[in-house]
Each structure stands twice: as structure tokens, then as C-alpha cells.
Amino acid sequence: MKKDPIIKDEMTPAAPTAPSPKADAPAPAVEELPVEMDRLNDLTEGNADSIRELVDLFLKQTTQQLAQLEAAVRANKADDVRRVAHSCAGASATLGMTRFVPLLRELEKQGASGALITAAQVYEAAAREFKLIQNFLAAQLNSAAPPPGAAPS
Amino acid sequence: MKKILIIEDDQIVANVYRNKLAVEGYQTEAALDGESGLKMMRTFQPDAIVLDLVLPKMSGVEVIKEIRGEADFSKLPIIVFSNTYLTNLIQDAWKAGATKCVSKINCPPRELLDLMRRTIGDGEAVSPARPTTEGAPATQPARFTSEADAEFQAGLQKTFIASLPATLVALRAGLQSLIKSDTEVARLKNIHELYRRVHAVNGNAGIAGLVQIAHLAAALEALLKELYEKPKNINTSTLRTVAATVDFLGFLFEHGTRPDKQEIPPASILVVDDEVISRRAIIYALEKAQLQSISVEDPNVAFKLLSENQFDLVFLDVDMPGMTGYELCTKLRNLPLHKKTPVVFITGLTDFDNRTSSMMAGGNDFIAKPFLFIELTVKALIHVLRGKFQPAK
């Protein structure tokens, strides 16, 4: 596979990034964001359309998985909890959902042990965190959207 | 006479390019960092700039922004050298106003010359003379014949190959310092030093036309850059990958300089993961090294594919419905085609028991989710390149 050394000179639309603080603003307390956008940007090479597509896929898949998790926790089906939480944690970790993953890992752990002791509460916390992720991603994608009337990329 | 300014921190690389361009009738100057490059640009008034993106003091992207901010140079052609594994850096270079981005991995001097001719036209006609590979610009420029060009390139390669034993000693010393680092500050300093050394290997192997060495060095450079910029990713897995890469570079220094080892060989890779986003991440990481793959979600489908096809490398998720990755690995080891095919497990399960299961099932390597994309790229490159040195199955 011999390759031309010239790297394709295509520009991609600007990637969404977390807003940077103003230089004169007081330093905020360090708070972990729900989504590490660097991973999403890296995986899509900063292409806004690819990010949007991947985010849509993640949100759809995770919505279904959370519904399955809720049903499994209610029915006390430990192995189902383990299996779904494991899959959901893998995708979430891949996309940099840093605060969501530990909750899913905890559900996976309880599922593997067969004792869903605090699984209902952990599930509730995971569902709340997922809402925050949805809001965060919506804000990020809106900030990257082209202005009305702009030519499509 | 057309004038070219080269801004490149590796003096050997800069001089080789200067030499090549000078003998073709271009007037050249070189600067070893961005700040002095900008100063030189204002006095030298070049027709084009060749710029390395990785520079001390001031980054290549910052240099481009400065150049584009000056009215006299806003349209000056800027040819950027970069590492194809640093995709975000290349994006930044385009946005800042680079004219062309060129991969250091496969840009011997002849390629740069051709690109320069297409960009600003020929240098002035000059009398024939042979160029040197000693590093100093030729004082009496001369056009290359193809024979002289081949001789020039062979000289470059010979010089580079002769330097490899010393380079390996330096890389191993850098790795030892990194592994023994006892504070976070020391670890970061050692990562940066190793990164600079590997950056130099990438550039020098690229101009010498040693593609496999240049590729692996470029991927390792990108991994080290990621670790330096995001130290939270420094862990046992990533450090183990860095060490394995330095080790395999040593192997390539000895065996990867043959003429038949100057391309990334086509490889057939199978990815088995029941989760779509993880599959996508693995495929993306492989594509960084131009490695094509087939991905499947069902381990039973994967086994059928493995039964009927040769693969050079297999990535397996561990926890899959119907058949675990360990079970699939055990089964594939019974297939005549895959007794020795490298298998890498990818999973969130990182405890010792699972590592043991991985080895007992016949796996060769292990990477934990969430993996760094470039770490997976580096692992894949090592396995694919190493596999091509094995006797035919």
C-alpha cells in the first residue's frame, strides 16, 4: 500500500467544543463534564456530521438499554442487569461519558454478584446522569450548527 | 532564483532537504524553530515555506497563523510536514492556512522537490554536479539525473541505517527513564524526551525511504503526544504498549530496512464485538494506519468466517452473548488456518483473572476499554508488521 505523501486538503466543518472560560473570569471549581468531547472529536476527526450521527446512535441505543436495565432491575434479573450494563458501559466509555460509566459498572458488578442490593438507586442515578448527557450533547450540537440559510457542508 | 525557507528542528532533515532543493536551483535557508523562522522569513522573503508542525518554542500551527497575519505573506505557499497519525494537528494546520500538508512518513527529498515544482515552478537551470548526503547544502547546485538521484537516496539510507544502533540505545535509555520515573513531573518530562527522539526517528526514516520504521515511529510519536497532553491516560496498559513499540522498533532496525519492507503490507483483520459503537471505534483506530478490517457482531458468524478465511489479526470482545471471546479464541486455535494468528482481546474487564483467561484461551495481547484509539492503532501495526516477518503458513 504505497501512498501519496500529500494529505488530502479537505476542510471539515468546525467541531463542537466545550466553551472556554473568559480570561478575566474567576477560575471555576474543577468539575467533570458529563461528556469528554475530545474522544468524540477524535473518533470523528472533528467532523460535525459524523459527531451528530454518532451521538444519535448513542442516544438511541442507550435509551433502549436503560429501559431494559430498568425492567431487569424491577424483575430482579441479575444476569440481564450485568449483560446490559456491561454493553452500555463499553459504548459509554468509548465515547467519553466519564460520570455515567462508573454507575453502569456498579450495576454490572451487582448483576455479576447476583445481589441487586442498591441496583434500583444506582439505576435512578444512571437515568439522571443520562438526562444530563442528553442536555449537554444537545447544547454542544446546537452550538456547532450552521446559521439558518448557510450552505450545507 | 526561487527562494525556499525550511523551518525544521531536525538539522539533518533540514539539511538534506536544503541540499536536494539547492542542487535543483532553488535558493534555500533553514531555521530550527518557529521564532527564528518568522524572523528569517521577513528578511529572506521566500517564495515558499516548508514547515514542520512539531517545533520547539512555537508550534507549527502558531507559525502559520503568524505568517497569515502579515499582509506581505498572507498568500505565501506553506508546505507543511506532518505526522498522519496526528489528525487533529493536521486539521488545525488546514484551518490556520496551510497550502499543502505532506506526510513525513513517505516524503523522500524527490517527493518534496516534485511538490515544490508544482507549487512555485522550477528552480534556475544549473550545471551538472553530484549532490552530497553529508548534510551541508551544496555550494555548486546541479540538477539530478535519475542515476544520481538513486545514488543520493541510497546514500541517505546508508547513513540512516548506520545510525540505528546508537538510536536504539538512546530509545531504550529513554524508555528506562520513563518506566523508572518516580514522580508525575519526571514521568511527563521523560515522555516528552522520548517523544522528541521518536519524532526524529520518524523524520529521518521518512527521508531515507524506510517506510515501515517511519510508520511505526509516527504512530508511537502520536501515542506519546497523547500521553503527554493527557497524562490521565498514562497507565500500565499504555506504558506496556510504549515499551512493546520501542522493542519492535529495535526489531525493525535490524530486519525492516530491506527493500521489500518499504510498504505497509495489506492485511486482513477481523473485529468481533457485539456492540456497534465499540466496533466503530476499533475500525476507526485501524483506519488510522490504513488497515482495513471486517467487523461482525455475532461470534458464531465470526467463527464461520475464521473457518473459511485467512486473517492476519483478530480483535475479540470478551463478553458477547452466545459465545465469549475466550471461547471463540479457544475454538479458532483448533482451526489449521489460525493456530498462530495474533488475537487481541478488548474488554472492560482488566483484572488479573481475565488476563489469565486471555492467555489460557490462546490470546496474544490485551487492551482495556476505554482504549486510546492511537494505542490500538500502534498495537495493530506491531502485530501486522511482525506477522509479515513470520514464515508463510
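Participant: Sorry, what's going on with the overall build of chain B here?
Facilitator: Scanning chain B for helices and strands turns up 14 helices and ten strands. Relative to the compact-globule value of 21 Å for 393 residues, chain B shows a C-alpha radius of gyration of 23 Å, a close match. By principal-axis analysis of the C-alpha atoms, chain B measures approximately 70 × 45 × 35 Å. Sequence-distant contacts in chain B: of pairs separated by 6 or more residues, those separated by 24 or more amount to 68%.

Participant: What exactly am I supposed to notice about the domain arrangement of chain B here?
Facilitator: Where interface size is quoted, it is often the accessible area lost as the parts come together. All names here are of chain B. Under the domain assignment used here, chain B contains domain 1 (3-144), domain 2 (154-260) and domain 3 (264-387). When each unit is reduced to the centre of its C-alpha atoms, the spacing between domain 1 and domain 2 is 24 Å. The interface is formed by 16 residues belonging to domain 1 together with 19 residues belonging to domain 2. No other element matches helix α1 (residues 11-23), which puts three residues into the side of domain 1 that touches domain 2. Looking at the side of domain 1 that touches domain 2 residue by residue, the classes come out as ten nonpolar, four polar and two charged.

Participant: Which parts of the structure should I look at to understand the pairing of strand β1 (residues 3-7) of chain B?
Facilitator: Regular strands place side chains that alternate from one sheet face to the opposite one. All names here are of chain B. Across the five residues of β1, four count as buried, placing the element largely inside the fold. Bridge count for β1 against strand β2 (residues 27-31) is five bridges, and the pairing is parallel. Looking across to β2, one finds that Ile7 is bridged to Ala31. In this fold, the crossover linking β1 to β2 by way of α1 has right-handed handedness. Looking at chain direction, β1 and strand β3 (residues 48-52) are connected through four bridges and run parallel. When the bridges of β3 are listed, Ile6 appears paired with Val50.

Participant: What is the right way to read helix α7 (residues 184-208) of chain B from this model?
Facilitator: An α-helical segment advances 3.6 residues per turn. Residues three or four places apart therefore align on the same side. An ideal rise of 1.5 Å per residue puts 36 Å on 25 residues; α7 of chain B measures up with 36 Å between its terminal C-alpha atoms. Following α7 of chain B by one or two positions, Gly209 of chain B adopts a phi angle in the positive range, close to 75°.

Participant: Quick question: what am I supposed to make of the nonpolar core here?
Facilitator: Within soluble globular proteins, side chains that are nonpolar tend to cluster in buried spots. Counting residues in each nonpolar core, the largest one holds 150 residues, and the members touching the most others are Leu107 of chain A together with Leu51, Val80, Ala93, Ala217, Ala219 and Leu316 of chain B. With twelve residues, helix α8 (residues 211-229) of chain B is the single largest residue contributor to this core. When sequence neighbours within four positions are dropped, the list of residues in contact with Leu316 of chain B reads Val272, Gly325, Leu328, Cys329, Val343, Phe345 and Ile346 of chain B.

Participant: It is not clear to me how the interface of chain A and chain B should be interpreted in this structure. Could you clarify?
Facilitator: With 23 residues of chain A at the contact, the number on the chain B side is 30 residues. Here the element with the most residues in the side of chain A that touches chain B is helix α3 (residues 78-94) of chain A; it accounts for seven residues. Split by residue class, the side of chain A that touches chain B holds twelve nonpolar, six polar and five charged.

Criteria and thresholds
- Residues numbered from 1 in each chain as written.
- Chains lettered and ligands numbered in written order.
- Predicted model: local features only at pLDDT ≥ 70, side-chain atom pairs only at ≥ 80, totals over all residues.
- Helix = DSSP H or I, 4+ residues; strand = E, 2+ residues; numbered from the N terminus.
- Rg over C-alpha atoms; globule rule 2.2 N^0.38 Å.
- Contact = placed C-beta atoms within 7 Å.
- Domains from an automatic or database assignment.
- Nonpolar A, V, L, I, M, F, W, Y, C, P; charged D, E, K, R; others polar.
- Buried ≥ 20, exposed ≤ 12 C-beta atoms within 10 Å, placed from the backbone.
- Pairing = 2+ DSSP bridges.
- Right-handed = clockwise from strand over helix to strand, strands pointing away.
- Expected span 1.5 Å × (residues − 1).
- Core = buried A, V, L, I, M, F, W, Y, C linked by C-beta atoms within 7 Å.

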